[in-house]
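Read off the chains here:
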Amino acid sequence: MRKRVLSGILASEETYLSHLEALLLPIKPLKAAATTSQPVLTVQQIETIFFKVPELYEIHKEFYDSLLPRVQQWSHHQRVGDLFQKQVSKFLFTDPFSALLYKPVDRVTRSTLVLHDLLKHTPSSHPDYPLLQDALRISQNFLSSINEESTPRRQSMTVKKGENRQLLKDGFMVELVEGARKLRHVFLFTDLLLCAKLKKQIGGKSQQYDSKWYIPLSDLTFQTAEESEPMPIPQVPDEELDAIKIKISSLRSDIQRERRANKGSKVMERLKKKLSEQESLLLLNSPNMPLRVHNRNGKSYMFLISSDYERAEWKEVIREQQKKCFKTFSLTSMELQMLTNSCLKLQTVHQLPLTVNKEEDESTGLYGFLNVIVHSASGLKQSLNLYCTLEVDSFGIFVNKAKTRVYRYTTEPKWNEEFEIELEGSQTLRLLCYEKSYNKAKMNKEDGESTDRIMGKGRIALDPQMLQGKDWQRTVIPMNGIEVKISMKFTSREFSLKRMPSRKPMGVFGVNISMVTKRERSKVPYIVRQCLEEIERRGMEEVGIYRVSGVATDIQALKTAFDTNNKDVSVMMSEMDVNAIAGTLKLYFRELPEPLFTDELYPNFAGGIALSDSVAKESCMLNLLLSLPEPNLVTFLFLLDHLKRVAEKESVNKMSLHNLATVFGPTLLRPSEKDSKIPTNPTQPITMGDSWSLEVMSQVQVLLYFLQLETIPTPDSKRQSILFSTEV
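Residues numbered from 1 in each chain as written. Predicted model: local features only at pLDDT ≥ 70, side-chain atom pairs only at ≥ 80, totals over all residues. Heavy atoms only, no water.

Visitor: Describe the overall build of the protein, and please don't skip the residues or the numbers.
Guide: Secondary structure summary: the protein contains 27 helices and 19 strands in total. Sorting the 728 residues of the protein into buried and exposed places 51% on the buried side. A fraction of 71% describes how many contacts in the protein between residues 6 or more apart in sequence connect residues 24 or more apart. Accessible surface, the protein as shown: approximately 35900 Å² in total, 50% of it carbon and sulfur. (Helix = DSSP H or I, 4+ residues; strand = E, 2+ residues; numbered from the N terminus. Buried < 20%, exposed > 50% of the residue type's maximum accessible area, 1.4 Å probe, protein only. Contact = heavy atoms within 4.5 Å. Areas by Shrake-Rupley, 256 points an atom, 1.4 Å probe, with all protein chains shown as cover.)

Visitor: Before we move on, could you go through the packing of aromatic side chains and cite the residues and values that matter?
Guide: Within a pair of aromatic rings, the relevant descriptors are the distance that separates the centres and the angle that separates the planes. The full count for this structure, using the stated rule, is 15 aromatic pairs. Where Phe187 meets Phe189, the ring centres are 6.5 Å apart and the plane angle is 25°; that geometry is what we call stacked. On the basis of relative accessibility, which here comes to 0%, the residue Phe187 falls in the buried class. Ring geometry for Phe187 and Tyr209: centres 5.4 Å apart, planes at 85°, overall edge-to-face. (Phe/Tyr/Trp six-rings, centres within 6.5 Å; stacked < 30°, edge-to-face > 60°.)

Visitor: Lay out the confidence of the model for the protein with the relevant residues and their values.
Guide: With 70% of its residues at a pLDDT of at least 70, the protein reaches an overall mean of 77. Note that residues 441-450 has pLDDT below 50 and, in this model, 20 contacts with residues that lie over four places away or in other chains. Counting interchain partners and residues more than four positions distant, the pLDDT-below-50 stretch residues 719-727 has 17 contacts. (pLDDT = per-residue confidence, 0-100.)

Visitor: Summarise the environment of Ile460; cite the residues concerned and give the values.
Guide: Following the sequence through the fold, Ile460 ends up in strand E17 (residues 453-461). Each C-alpha atom of the pair Ile460 and Arg430 lies 6.5 Å from the other, and the pair is 30 residues apart in sequence. In contact with Ile460, not counting residues within four places along its chain, are Gln427, Thr428, Leu429, Thr475, Ile477 and Met488.

Visitor: Report on helix H16 (residues 513-520), specifying residues and quantitative values.
Guide: Along H16, the residues classified as buried are Ile513, Val516 and Thr517. In an axial view of H16, the angular spread of the buried residues amounts to 90°, which keeps them on one side of the axis. Arg521 lies just past H16 and shows a positive phi near 55°. (Arc of directions from axis to C-beta.)

Visitor: Go over the nonpolar core, please, and point to the residues and values.
Guide: Residues Tyr546, Phe589, Phe605, Phe636, Phe664, Leu668 and Phe706 are the most contacted members of the largest nonpolar core, which totals 68 residues. Considering each element in turn, this core owes the most residues, nine residues, to helix H23 (residues 630-647). Sequence-distant contacts of Tyr546, defined by excluding residues within four places in its chain, comprise Leu532, Ile535, Ala582, Leu585, Lys586, His642, Leu643, Val646, Leu660, Val663 and Phe664. Within the second largest apolar cluster, 31 residues are counted, among which are Ala377, Leu390, Leu431 and Val551. (Core = buried A, V, L, I, M, F, W, Y, C linked by side-chain atoms within 4.5 Å.)

Visitor: Describe the sheet that holds strand E9 (residues 366-378), with residues and values.
Guide: Pairing is antiparallel across the open sheet formed by four strands, whose spatial order is E13-E9-E19-E18. Strands with a single pairing partner mark the edges of an open sheet, and in this sheet they are strand E13 (414-426) and strand E18 (473-479). Ignoring strand direction, the axes of neighbouring strands in this sheet form an average angle of 30°. With 10 bridges joining them, E9 and strand E19 (residues 482-492) adopt antiparallel strand pairing. Of the residues in E19, the one forming a bridge with Phe369 is Thr491. (Pairing = 2+ DSSP bridges. Axes fitted to C-alpha atoms, helices over the stretch in contact; angles between N-to-C directions.)

Visitor: Tell me what's going on with helix H17 (residues 526-538), and back it up with residues and numbers.
Guide: Here H17 is 13 residues long and its end C-alpha atoms lie 19 Å apart, about the 18 Å a rise of 1.5 Å per residue gives. Buried within H17 are the following residues: Ile527, Val528, Arg529, Gln530, Cys531, Leu532, Glu534 and Ile535. Of the surrounding secondary structure, the elements contacted by the buried residues of H17 are H16, helix H18 (552-563), helix H19 (569-575), helix H20 (578-590) and H23. (Expected span 1.5 Å × (residues − 1).)

Visitor: Could you give an account of the side chain of Thr340, naming the residues involved and the relevant values?
Guide: Here Thr340 is to be found in helix H13 (residues 333-346). Polar contacts involving the side chain of Thr340 include one to the main-chain carbonyl oxygen of Leu336, which spans 2.7 Å. Excluding residues within four positions of it along the chain, Thr340 makes contact with Leu194, Tyr209, Asp210 and Ser211. (Polar contact = N/O pair within 3.5 Å; in protein donor to acceptor, adjacent residues only side chain to side chain.)

Visitor: Go over the packing of H16 against H23, please, and point to the residues and values.
Guide: Helix-helix packing: each pair is described by the crossing angle between the helix axes and the interaxial distance. Contact geometry of H16 with H23 gives a least axis separation of 9 Å together with a crossing angle of 85°. When the axis of H16 is compared with that of H23, the two are roughly perpendicular. Two secondary-structure elements touch here, H16 through Ile513, Ser514 and Thr517 and H23 through Pro631, Asn632 and Thr635. (Parallel < 35°, antiparallel > 145°, perpendicular 65-115°, else oblique.)

Visitor: Kindly report on the packing of H20 against helix H25 (residues 657-669), identifying the contributing residues and their values.
Guide: Running from N to C, H20 and H25 cross one another at 30°; their axes reach a closest spacing of 8 Å. Relative to H25, the element H20 lies roughly parallel. On the side of H20, the interface is formed by Leu585, Lys586, Phe589 and Arg590, while H25 contributes Val663, Phe664, Thr667 and Leu668. Class assignment of the residues belonging to the contact of H20 with H25 gives a composition of five nonpolar, one polar and two charged. (Nonpolar A, V, L, I, M, F, W, Y, C, P; charged D, E, K, R; others polar.)

Visitor: Would you mind going over unusual backbone geometry in detail, with residue names and values included?
Guide: In this structure, Glu178 takes a positive phi of about 50° despite not being glycine. Following the sequence through the fold, Glu178 ends up in the loop between strand E2 (164-177) and strand E3 (180-189). According to the relative accessible area criterion, Glu178 is exposed, its value standing at 84%. The phi dihedral of Asn480 is positive, around 50°, even though this residue is not glycine. Checked against the element boundaries, Asn480 lands in the loop between E18 and E19.

Visitor: A description of the environment of Pro130 should follow, citing residues and the corresponding values.
Guide: Among the secondary structure elements, Pro130 is positioned in helix H9 (residues 129-145). The spatial distance from the C-alpha of Pro130 to the C-alpha of Leu119 is 9.5 Å, given a sequence separation of 11 residues.

Visitor: Could you give me a rundown of the pairing of strand E14 (residues 428-435), with the residues and numbers involved?
Guide: Where burial is concerned, most of E14 is hidden: eight out of the eight residues are buried. Neither face of E14 is open: one carries Thr428, Arg430, Leu432 and Tyr434, the other Leu429, Leu431, Cys433 and Glu435, and all of them are buried. In the sheet, E14 pairs with E17 via eight bridges, with the strands oriented antiparallel. Directly across from Tyr434, in E17, lies its bridge partner Ile454.

Visitor: I'd like a rundown of the pattern of salt bridges, residues and numbers included.
Guide: A full pass over the atoms with the stated rule returns 23 salt bridges. The residue Glu534 makes a salt bridge to Arg538 at a minimum N-O spacing of 2.6 Å. A residue pair is termed a helical-turn pair when its members lie 3 or 4 positions apart in one helix, as Glu534 and Arg538 do in helix H17 at four residues. Given the relative accessible area of 31%, Arg538 is considered partly exposed. In this structure, Glu536 and Arg645 form a salt bridge, with 2.7 Å as the shortest nitrogen-oxygen distance. Of this pair, Glu536 sits in helix H17 while Arg645 sits in helix H23, and the two are 109 residues apart along the sequence. A residue is classified by how much of its surface remains accessible, and Glu536, at 31% relative accessible area, is partly exposed. Residue class for Arg645 comes out partly exposed when judged on its relative accessible area of 36%. When salt bridges with common partners are traced through the structure, they connect Lys169, Glu313 and Arg459 into a single cluster. (Salt bridge = Lys/Arg side-chain N within 4 Å of Asp/Glu carboxyl O.)

Visitor: Describe the side chain of His375, with residues and values.
Guide: The topology assignment puts His375 in strand E9. Discounting residues that sit within four places of it in the chain, His375 has contacts with Pro413, Lys414, Trp415, Asn416, Arg474, Lys485, Ile486 and Ser487.

Structure (structure tokens):
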């Protein structure tokens with residue numbers, strides 16, 4: 001704006017610009033000026049410049065002529081400080097920036113100089129003195145804000161008595177307002193928390209924020225005695241979120257196709273607008289973890305966050321700042337408006353994490369499997385019961401993917417546990433360390449739920465260049481004085497998801513299911529029966545069962561035991577973490593040389609689930625299911641009943657039918673390499689993510705369809721042989 005306006009002045013009157021630049025030059029070090037009580041320009045400097053430019057002189061003269069007579073007639077009934085506050089407030093909040101620059105930039109500079117002049121001759125005991133100080137503070141803050149190009153981004157603004165209000169943290173969060181989700185921009189300053197809403201831009205006007213509420217940090221708490229009961233959070237059905245993800249993946253693919261075809265910008269802009277709408281919708285509806293803040297003197301507010309990481313981050317910064325001494329206060333409407341206006345200049349998070357806001361050459365994330373070994377932790381000052389969790393992002397939302405065992409009462413836990421984590425366009429790995437509390441009376445209570453205490457947290461960017469090699473990458477993640485050593489190895493999707501033809505006559509992993517059941521003389525493989533039995537015995541209430549990764553070394557040990565027909569496998573399973581058993585079952589289905597739904601029928605299942613007519617869809621899907629080979633069908637029905645029982649415990653284990661379909665859909669349906677859309681170019685493991693996502697979504701929908709059916713009707717001829725005579 002400043003460049004555009006000044007260039008226009010230059011075109012019309014070069015001499016005028018030279019004088020204007022002479023005026024602006026002393027204003028450039030505004031950051032320092034905004035935090036002192038010294039004038040930006042001396043009266044002598046400003047008068048020298050003003051008298052060179054007639055227009056400036058006229059405005060300057062008008063100011064003095066109109067205000068000084070009032071100063072001479074000061075009384076307690078009519079205060080010049082009130083007049084200045086009113087003038088400055090009106091100017092700041094109604095006049096556009098262009099008016100400031102055109103007439104010329106310095107309407108505010110002039111008022112600042114006049115205020116300095118008046119303050120110089122005003123006794124500090126006079127009732128007008130603090131009002132003039134307030135007006136000067138507002139004027140100085142505004143001058144600082146318009147100087148964005150010539151100084152670094154401001155991190156503070158001047159408040160009463162010359163103090164600084166600094167911005168400590170800001171970000172977009174979802175607020176729950178009367179049961180509805182609202183997207184907010186939250187600003188944490190050194191003395192208050194401000195919740196604002198970004199106004200929609202109309203007619204080319206610059207962006208503005210609306211203040212929704214604020215809480216002084218001296219009055220802010222995270223829990224009140226009256227709200228010990230958890231508040232209900234309206235859940236968005238997983239099916240709706242999945243439908244949004246399908247649209248996002250489809251639009252991303254369309255944009256890639258349009259970009260390669262170099263078609264018109266109108267088509268591209270329309271697609272980007274739709275993509276932005278869907279991604280915003282997903283970010284609004286996905287978070288479900290509560291963060292409550294309370295004002296000691298009034299209302300409570302609730303934010304919804306995607307993971308414990310963000311919640312801990314906000315609480316830590318707020319609590320650390322609250323250790324400093326602050327007195328309670330309240331802002332006038334003008335001060336609140338002033339603060340809200342400053343947010344545009346102070347903000348550090350400028351945009352939502354949407355695809356449309358990224359550069360074309362920016363990475364879309366990694367697709368495939370990340371093997372992570374959590375080795376050990378050091379730096380603990382006291383012995384604790386410690387465990388770690390791992391999170392990765394998918395579609396901009398972070399999900400908990402793995403959890404180490406609890407290492408009991410030590411200052412140097414050595415887990416040395418390996419996990420295999422599936423990545424869906426992931427760009428960041430997060431690690432959190434928790435202290436496990438076994439004493440319920442001492443457990444930390446947050447938001448109506450008992451939680452273990454976070455001891456530290458850290459993150460690491462998943463750099464495609466660093467992870468493309470086959471070697472393990474060892475690194476250290478520092479967190480609050482604790483250091484956690486990990487190793488990582490990435491396998492891109494086109495290599496990790498290949499089904500290999502069955503080559504070994506013995507064992508169960510990687511062997512056709514018909515060969516295994518024939519050898520075992522059973523309808524359902526022994527490994528499936530054993531894993532499901534153990535999970536039903538002690539894993540039905542495990543949070544994230546089937547979603548949270550098990551320890552890779554335990555999974556490999558179970559795989560070897562089943563392959564070698566180890567008679568002690570049941571004893572091994574009883575001593576292992578239940579997530580490792582769930583991981584073994586998933587690995588078995590993933591390594592089948594042909595999917596449970598067979599390569600031959602896979603295209604038909606994908607076509608059947610896309611049918612819009614519900615009657616036709618049911619007929620097609622059931623006929624296809626009953627066309628499966630008998631071992632495949634019986635094993636699937638056996639697994640299907642188990643997954644339905646798991647979903648019945650959703651209130652405890654957090655695994656809905658949709659969550660289970662997301663985990664098992666690709667595992668049971670993903671076709672062999674010759675029938676899949678696996679990218680053939682191994683140099684492009686990242687950019688093929690969206691076409692992959694669409695295929696995965698289809699596989700999820702197929703399994704979800706069968707999970708949602710109350711019963712699977714079968715003809716009499718098959719019911720007898722399949723459902724009633726299964727030697728499982």
